[in-house]
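# Examining the three-dimensional arrangement
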Amino acid sequence: MSSHITKAVIPAAGLGTRFLPATKAMPKEMLPVVDKPAIQYVVEEAVRNGLTDVLMITGRNKNALENHFDNAPELESALRQKGDSSRLASVEQSTDLADMHYVRQGEPRGLGHAVLRSKMHVGNESFAVLLGDDLIDERDNILGPMIAAHDAHHASVVALMEVPRDMTDHYGIATIDDIGEGDVVRIVDLVEKPDPKDAPSNLAVIGRYVLRPEIYGILENTEPGKGNEIQLTDALRHMATNNIAGGVLGIVFRGRRYDTGDKLDYIKAIVRLALQRPDLGPALENWLDDEAHRRP
Ligand code: UTP
């Protein structure tokens with residue numbers, strides 16, 4: 001049975017300070033991964049999972065994001081005149097992907113605040129949140145199983161991933177209960193970016209969420225937390241510990257994921273995705289082999 005969830009919210013209003021100076025005048029979500037901006041992979045993932053209504057939360061450099069998903073008449077007519085149909089198709093692809101909507105966050109006051117900006121558009125429905133700088137490899141679907149778990153349990157669902165202990169201060173970290181459903185677990189507690197010595201586990205919340213609309217009321221009453229930002233993790237913790245609207249479930253993801261807001265992960269994403277491309281993979285693989293042998 002197909003889910004009634006059709007709306008995806010993509011926050012892309014962060015300052016991207018880890019990637020300065022590249023992100024001085026351009027959102028980090030527009031950084032190219034091979035030949036597409038990171039954000040296009042995220043929108044494609046939403047659409048593959050039936051979420052064709054996409055609301056992007058944008059910030060100060062929003063023009064590049066909006067332009068990428070809009071028509072580019074001059075470019076298109078130049079390519080048409082040249083008879084370059086394959087490049088024309090690649091330009092038109094992002095325009096026709098989804099029903100795109102935009103809202104500005106105003107000040108970047110945290111992920112929770114960005115999500116709250118979607119309330120008017122989403123209304124009283126469950127919806128998905130996909131972080132615009134978090135790439136899930138197309139071969140390893142996580143959003144589909146999350147939507148299925150939401151539909152089966154009528155609860156909000158987050159994606160979890162095991163991270164090295166010394167990385168817990170980069171993520172929201174979960175305490176879980178086994179509910180006898182394999183990788184689907186119940187979240188009993190959450191803490192934002194704990195010091196490794198205080199972390200209750202190494203299960204990190206990554207950038208995919210399926211949320212019930214009750215999250216909005218909770219976010220409205222969530223005070224700024226870590227970093228003086230309104231944290232989605234804090235609102236989810238309230239939902240989980242008070243078992244509001246079915247509480248919060250987690251699904252442990254064991255596939256390939258890249259945080260393109262992090263320099264090393266960004267480079268890994270480009271290499272991995274280029275290696276699997278027939279037009280680039282073989283030549284890149286040879287070059288990587290040569291480089292590995294050249295190193296002292
Ligand atoms: P990050 O914490 O990775 O974003 O937020 P950041 O603040 O841009 O990054 P650094 O640490 O300064 O480099 C995760 C996601 O939430 C969005 C970001 O755009 C990113 O997709 N976000 C974050 C917002 O939309 N608004 C915010 O106020 C904060």
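Presented here is a report on the structure given in the accompanying data block. Just so it is clear, the model here is predicted, and its values are computed rather than measured. (Residues numbered from 1 in each chain as written. Predicted model: local features only at pLDDT ≥ 70, side-chain atom pairs only at ≥ 80, totals over all residues. Heavy atoms only, no water.)

### Digging into the side chain of arginine 208
Inspection of the secondary structure assignment puts arginine 208 in strand E11 (residues 203-211). A distance of 2.6 Å separates the side chain of arginine 208 from the backbone oxygen of aspartate 134, its partner in a polar contact. (Helix = DSSP H or I, 4+ residues; strand = E, 2+ residues; numbered from the N terminus. Polar contact = N/O pair within 3.5 Å; in protein donor to acceptor, adjacent residues only side chain to side chain.)

### Topic: the nonpolar core
With 49 residues, the main nonpolar core has Ile39, Val43 and Met56 as its most contacted residues. Of the residues forming this core, the biggest block, six residues, is contributed by helix H1 (residues 38-48). Excluding its chain neighbours within four sequence positions, the residues that come into contact with methionine 56 are Ile10, Ala12, Ile39, Val43, Leu65, Phe69, Met100, His101, Tyr102 and Val103. Counting residues in hydrophobic clusters, the runner-up holds 34 residues, among them Val122, Leu131, Ile230 and Val248. (Core = buried A, V, L, I, M, F, W, Y, C linked by side-chain atoms within 4.5 Å. Buried < 20%, exposed > 50% of the residue type's maximum accessible area, 1.4 Å probe, protein only. Contact = heavy atoms within 4.5 Å.)

### A closer look at the site of the ligand
The environment of the ligand is made up of 19 residues, and the closest members are Gly16, Thr17, Arg18, Gln105 and Gly110. Glycine 14 has a polar backbone atom sitting 2.8 Å from an oxygen atom of the ligand. At 3.1 Å, a side-chain N or O of lysine 28 approaches an oxygen atom of the ligand. Elements represented by at least two residues in the shell around the ligand include exactly strand E1 (7-12) and helix H5 (111-116). (Near = heavy atom within 4 Å.)

### Focus: the pattern of salt bridges
If you walk through the whole model with that rule in mind, you get 22 salt bridges. With a shortest N-O distance of 3.0 Å, arginine 254 and aspartate 183 are connected by a salt bridge. Within this pair, whereas arginine 254 is found in the loop between strand E12 (248-252) and strand E13 (257-259), its partner aspartate 183 is found in the loop between strand E9 (172-181) and strand E10 (184-192), the two being separated by 71 residues in sequence. (Salt bridge = Lys/Arg side-chain N within 4 Å of Asp/Glu carboxyl O.)

### Here's the deal with the pairing of E1
Counting buried positions over the six residues of E1 gives six, a clear majority of the element. Burial of E1 is two-sided: the residues Lys7, Val9 and Pro11 facing one way and the residues Ala8, Ile10 and Ala12 facing the other way are all buried. Both E1 and strand E4 (residues 53-58) contribute to a ladder of six bridges, which runs parallel. Residue pairing for E4: alanine 8 is matched across the bridge by valine 54. (Pairing = 2+ DSSP bridges.)

### A closer look at the packing of helix H10 (residues 263-275) against helix H11 (residues 281-294)
Between H10 and H11, the shortest axis-to-axis distance is 8 Å and the interhelical angle comes to 125°. Compared by their axis directions, H10 and H11 come out oblique. Contacts between H10 and H11 involve Val271, Ala274 and Leu275 from the first element and Gly281, Leu284, Glu285 and Leu288 from the second. In terms of residue class, the contact of H10 with H11 is built from five nonpolar, one polar and one charged. (Axes fitted to C-alpha atoms, helices over the stretch in contact; angles between N-to-C directions. Parallel < 35°, antiparallel > 145°, perpendicular 65-115°, else oblique. Nonpolar A, V, L, I, M, F, W, Y, C, P; charged D, E, K, R; others polar.)

### Quick look at H1
When you tally the buried positions in H1, you get nine out of eleven residues, the bulk of the element. Taken together, the buried positions of H1 are Ala38, Ile39, Gln40, Tyr41, Val42, Val43, Glu44, Glu45 and Ala46. The positive-phi residue at the C-terminal boundary of H1 is glycine 50, with phi of around 85°.

### So, the packing of aromatic side chains
Applying the stated criterion across every chain yields a total of two aromatic pairs. On the basis of an interplanar angle of 85° and a centroid distance of 5.2 Å, the ring pair of phenylalanine 19 and tyrosine 266 is categorised as edge-to-face. Remark: tyrosine 266 occurs in helix H10 and phenylalanine 19 occurs in the loop between E1 and strand E2 (32-33); sequence separation between them is 247 residues. Judged by centre distance (5.2 Å) and plane angle (5°), the rings of phenylalanine 127 and tyrosine 216 are stacked. Remark: tyrosine 216 occurs in helix H8 (residues 214-220) and phenylalanine 127 occurs in strand E6 (residues 127-130); sequence separation between them is 89 residues. One cation-aromatic arrangement involves lysine 36 over tyrosine 41; the distance from NZ or CZ to the ring centre is 4.5 Å. (Phe/Tyr/Trp six-rings, centres within 6.5 Å; stacked < 30°, edge-to-face > 60°. Lys NZ or Arg CZ within 6 Å of the ring centre and 35° of its normal.)

### Comments concerning the packing of helix H3 (residues 73-82) against helix H4 (residues 85-96)
In the contact formed by H3 and H4, the axes pass within 9 Å of each other and the chain directions differ by 160°. It follows that H3 is roughly antiparallel to H4 by the angle criterion. For the pair H3 and H4, the crossing hand works out as left-handed. When H3 is examined against H4, the residues Leu75, Glu76, Leu79 and Arg80 are found in contact with a partner set consisting of Arg87, Leu88, Val91 and Glu92. (Left-handed = near helix turned anticlockwise from the far one by under 90°.)

### Things to note about H4
With twelve residues, H4 extends 16 Å between its outermost C-alpha atoms, agreeing within 8% with the 16 Å of an ideal straight helix rising 1.5 Å per residue. For H4, the complete set of buried residues consists of Leu88, Val91, Ser94 and Thr95. The buried residues of H4 occupy one face: seen down the axis, they fall within an arc of 130°. In H4, the exposed positions angled more than 90 degrees off the buried face are occupied by Ser85, Ser86 and Asp96. (Expected span 1.5 Å × (residues − 1). Arc of directions from axis to C-beta.)

### A short note on the pairing of strand E8 (residues 156-162)
The side chains of a regular strand alternate between both faces of the sheet. Taken across its seven residues, E8 has six buried, putting it largely inside the fold. One ladder, built from five bridges, connects E8 with E12; its direction is parallel. Note on E12: the bridge partner recorded for valine 158 is glycine 250. Examined bridge by bridge, E8 and E11 share six bridges and lie antiparallel to one another. Each bridged residue has a counterpart across the sheet, and for valine 158 the counterpart in E11 is tyrosine 209.

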